[in-house]
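For reference, the chains in residue letters:
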Amino acid sequence: MKLFDLHGRAAIVTGGNGGIGRGLALAFAQAGADVCIAARSKSKLDSTAAEIEALGANCLSIECDVNELEDLKRTLELTKERFGACHILVNNAGIAQQALPQDLTDEQWDRVIDTNLTSVFRFSRTVFPTFRDQGGGKIINIGSEYSLFGSAFVPGYSASKGGVIQLTKSLAVAWADVNIQVNAIIPGWITSEMTGPVKENVEMFQAIVSRTPAGRFGEPEELGGAGIFLASAASDFVTGQSIVVDGGYSVS
Ligand code: NDP
């Protein structure tokens, strides 16, 4: 399975210390990659780094706020220093802000757009010279069902995730000639800290599960297959695309 092999590849996963980011980081490690996980919580970084190292992979964990440009630059530099290169960037870090549009404050709007969309642009722009000069690279952005659908309750989140998909297409078009592939994964409802309150709300949980043809939430590890595909040579002629991993939710 050389096509999907990530030995000799180094990946940065933002928000790699929990939820979907952790699932992707573990999958990359299993496929042979060196992995840098970058997020704010040190205790979660430490426990995920231990899991990655237990798989026999090299792991670098960096305290990084994706809203701080200097943190993004430092994360890339430390990754190159430790692993000799950086080939894969996963822009996964994200937050949700729940409020009806008429109640969403400017501060909440800015926070969710900055974290979920602006940071994706900034980190992608930061890695661009490295990827270009080494002859290529892979950027994987994390969208959402709300990249596709509107939501009364998370209008800023929905706008940010719609933007992520359009940004993915634009970066893909701009950078295809220097062999950088930029794609997105659109997860359905996945068990994580973010969806914890949704799973605890029995009515909402039942509504989601009954609308999902697979009849359940997904687990973070289940994003691994799409992640490895988009990070590996198997996807070298795939760019600007979104892979939906949702148990059929978006087609039912
Ligand atoms: P979690 O809340 O479990 O994980 C979010 C991660 O992002 C955490 O590791 C957190 O780490 C990190 N993070 C948040 N803000 C920042 C920041 N400013 N700087 C650095 N890291 C940050 O949620 P999920 O795993 O569910 O979410 C991961 C991504 O998947 C998000 O983009 C989310 O929108 C998306 N998604 C999730 C779905 C789901 O059903 N779970 C569905 C569709 C999309 P820390 O707090 O330590 O910084």
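Residues take numbers from 1 onward in each chain, read along the sequence in its written order. Given that the model is predicted, a residue must reach a pLDDT of at least 70 before its local features are reported, and side-chain atom pairs must reach 80 or more before they are shown or counted; all residues, however, enter totals for whole chains, interfaces and linings. Based on all heavy atoms of the structure, the side-chain values leave hydrogens and waters out of the count.

Asks: Describe the overall build of the protein chain, with residues and values.
Replies: Along the protein chain, the regular secondary structure elements total 8 helices and 7 strands. Scaling as 2.2 N^0.38, a compact globule of 252 residues should have a C-alpha radius of gyration of about 18 Å, and the protein chain matches this with 17 Å. Structurally, the protein chain occupies a C-alpha span of about 50 × 35 × 35 Å along its principal axes. For the protein chain, the proportion of its 252 residues judged to be buried stands at 52%. For the protein chain, the exposed surface amounts to about 11300 Å²; the carbon and sulfur share of it is 53%. Helix and strand definitions here come from DSSP, where helices need a minimum of 4 consecutive H or I residues and strands a minimum of 2 consecutive E residues; each element is numbered from the N-terminal end. The atom set for the radius of gyration is the C-alpha atoms, and the globule formula is 2.2 Å times the number of residues raised to the power 0.38. Relative accessible area decides the class of each residue, using a 1.4 Å probe on protein chains only: under 20% of the type maximum gives buried, over 50% gives exposed, and in between gives partly exposed. Per-residue and other accessible areas follow the Shrake-Rupley method at a 1.4 Å probe size, with only the shown protein chains counted as cover for residues.

Asks: Run through the site of the ligand, naming residues and quoting values.
Replies: We call a residue near a molecule or strand when any one of its heavy atoms sits within 4 Å of it. Around the ligand, the surrounding shell holds 30 residues, and the nearest of these are Asn17, Arg40, Asn92, Tyr157 and Ser192. Here Asp65 contributes a side-chain N or O atom positioned 3.0 Å from a nitrogen atom of the ligand. The backbone of Glu193 places a nitrogen or oxygen atom 3.5 Å from an oxygen atom of the ligand. Space inside and on the surface of the protein is sampled on a 1 Å grid over the protein atoms alone, with a cavity defined as a set of points where a 1.4 Å probe fits but cannot get out and a pocket as an open set with protein on both sides within 12 Å along at least 5 of 7 lines; lining residues have an atom within 4 Å of a point. Criterion for pocket placement: a molecule counts as inside a cavity or pocket if more than half of its atoms are within 2 Å of its grid points. Because more than half of its atoms lie within 2 Å of the grid, the ligand is assigned to the largest pocket. Elements with a minimum of two residues in the shell around the ligand: helix H1 (19–30) and helix H5 (155–175). Side-chain atoms alone can form a polar contact between residues adjacent in sequence; in general such a contact is a pair of N or O atoms within 3.5 Å, and within protein one must be able to donate a hydrogen while the other accepts it.

Asks: Would you mind going over the packing of aromatic side chains in detail, with residue names and values included?
Replies: Here is the rule: rings of Phe, Tyr and Trp (six-membered ring for Trp) pair when centre to centre is within 6.5 Å. Planes less than 30 degrees apart are stacked, more than 60 are edge-to-face, and the remainder are tilted. Taken as a whole and judged by the stated rule, the model has 6 aromatic pairs. Between Trp189 and Phe217, the ring centres sit 6.0 Å apart and the planes meet at 50°, which makes this aromatic pair tilted. Linking Trp189 in the loop between strand E6 (180–187) and helix H6 (196–200) with Phe217 in the loop between helix H7 (202–211) and helix H8 (224–231), this pair joins segments that are 28 residues apart in sequence. We classify Phe217 as buried; its relative accessible area is 4%. A ring pair is formed by Phe205 and Phe217, whose centres lie 5.4 Å apart and whose planes are at 35°; its orientation type is tilted.

Asks: With reference to specific residues and values, describe the environment of Pro220.
Replies: Within the fold, Pro220 resides in the loop between H7 and H8. When the C-alpha atoms of Pro220 and Ala27 are compared, they prove to be 9.9 Å apart, with 193 residues separating the residues in sequence. Contact definition: two residues touch when any of their heavy atoms are within 4.5 Å. Not counting residues up to four positions away in its chain, the partners in contact with Pro220 are Gly19, Ile20, Gly23, Ile190 and Thr191.

Asks: Can you break down a negative patch on the surface residue by residue, with the values?
Replies: A cluster of acidic residues, Asp106, Glu107, Asp110 and Asp114, forms a negative patch on the protein surface. On the secondary structure map, Asp106 appears in helix H4 (residues 106–134). Judged by its relative accessible area of 63%, Asp106 falls in the exposed class. Only residues whose relative accessible area exceeds 30% and that form no salt bridge are eligible for patches; like-charged ones are grouped when within 9 Å, while nonpolar side chains (Val, Leu, Ile, Met, Phe, Trp, Tyr) are grouped when within 5 Å. What counts as a salt bridge is simple: a side-chain nitrogen of Lys or Arg found within 4 Å of a carboxyl oxygen of Asp or Glu. Residues counted as positive are Lys and Arg, residues counted as negative are Asp and Glu, and His and the chain ends are not counted. The atoms used to mark charge sites are NZ of Lys, CZ of Arg, CG of Asp and CD of Glu.

Asks: Can you lay out the pairing of E6 for me, pointing to particular residues and giving the numbers?
Replies: Along E6, 8 of the 8 residues are buried, which leaves the element largely enclosed by surrounding structure. Alternating residues of E6 divide into Ile180, Val182, Ala184 and Ile186 and Gln181, Asn183, Ile185 and Pro187, and every residue in both groups is buried. Note: strand E5 (residues 137–142) against E6, 6 bridges, orientation parallel. Each bridged residue has a counterpart across the sheet, and for Asn141 the counterpart in E6 is Ala184. By the criterion used throughout, a crossover qualifies as right-handed when its path from the first strand across the helix to the second strand runs clockwise, the strands pointing away from the viewer. Traced from E5 through H5 to E6, the parallel crossover comes out right-handed. Two strands are said to pair when DSSP picks up at least two bridges between them.

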